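Survey of secondary and tertiary structure
Each chain, letter by letter, is given below.
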Amino acid sequence: NVIDGRLVDVIFFKQKEYINEPLYTGELFIETENQALAEIRFELNPRLVNKATHMFVDRKTGNLKIDLQQAKYLVSYKPADDGTYYVNHIRGDITLKVKRKRRFFSTPIHFWFEMVTCKIDTEQVQPFARTERLSPTRIFSETRHG
């Protein structure tokens, strides 16, 4: 296989059948020339994805039933001029099923997020303040604004 003109080997991985905790399945694309990770495509195990709703929805109203239907991700890396690999592109696709109580039909909600690296600057780098950081495990949560 080839990704961005780089020859890659593909390693497939999946969750063992006897594990009942929702884990991941996917593919690792590793450059043949130097064994660097070029890309990873992964998703929550489709067989157990409904057990992972609590990882994505922090709080919901009493009249809604929300179930995670799918969570897929793609992360790619590219080498800089100095040979160091940096994150190049991230994409996540999340699908939820939302059903109101006493309603017959549910509504699917699909959303995605994406990040692309445009410039890499390694000088005078400062981490984000703790108060400016988001929890990496929550997507929907109750947020109060001043």
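The preceding data block contains the structure.
Calculation criteria
Residues numbered from 1 in each chain as written. Predicted model: local features only at pLDDT ≥ 70, side-chain atom pairs only at ≥ 80, totals over all residues. Heavy atoms only, no water. Helix = DSSP H or I, 4+ residues; strand = E, 2+ residues; numbered from the N terminus. Buried < 20%, exposed > 50% of the residue type's maximum accessible area, 1.4 Å probe, protein only. Contact = heavy atoms within 4.5 Å. Pairing = 2+ DSSP bridges. Core = buried A, V, L, I, M, F, W, Y, C linked by side-chain atoms within 4.5 Å.

Another point: the environment of asparagine 20. Note on placement: asparagine 20 falls in the loop between strand E2 (6–13) and strand E3 (24–31). Judged by its relative accessible area of 48%, asparagine 20 is partly exposed. Sequence spacing of asparagine 20 and lysine 51 is 31 residues, and the spatial spacing of their C-alpha atoms is 9.0 Å. Contact partners of asparagine 20, with chain neighbours within four places excluded, come to Gln15, Arg47, Leu48 and Lys51.

Turning our eyes to something else, we now look at the sheet that holds strand E6 (residues 85–100). Here seven strands make up an open sheet; going across it, the order is E1-E2-E3-E4-E5-E6-E7 and the pairing antiparallel. Each edge of the open sheet carries a strand with a single partner, namely strand E1 (2–3) and strand E7 (107–116). In terms of strand pairing, E3 meets strand E4 (residues 37–44) through seven bridges, oriented antiparallel. Opposite isoleucine 30, over in E4, you have leucine 37 as the bridge partner.

A few words now on the nonpolar core. Among the nonpolar cores identified, the biggest contains 16 residues, and Leu44, Phe56, Leu68, Ala71, Tyr73, Ile94 and Leu96 are the most heavily contacted of them. Counting only elements with at least two residues in this core, the list comes to E4, strand E5 (64–79) and E6. Here this core gets five residues from one element, more than from any other, and that element is E5. Residues within four places of leucine 44 in sequence aside, it is in contact with Pro22, Leu23, Tyr24, Val49, Ala52, Phe56, Leu68 and Ala71.

Phi is positive for arginine 102, close to 65°, though the residue is something other than glycine. Inspection of the secondary structure assignment puts arginine 102 in the loop between E6 and E7. For arginine 102, a relative accessible area of 83% puts it in the exposed group. With phi around 55°, glutamine 124 is a residue other than glycine that occupies positive phi space.

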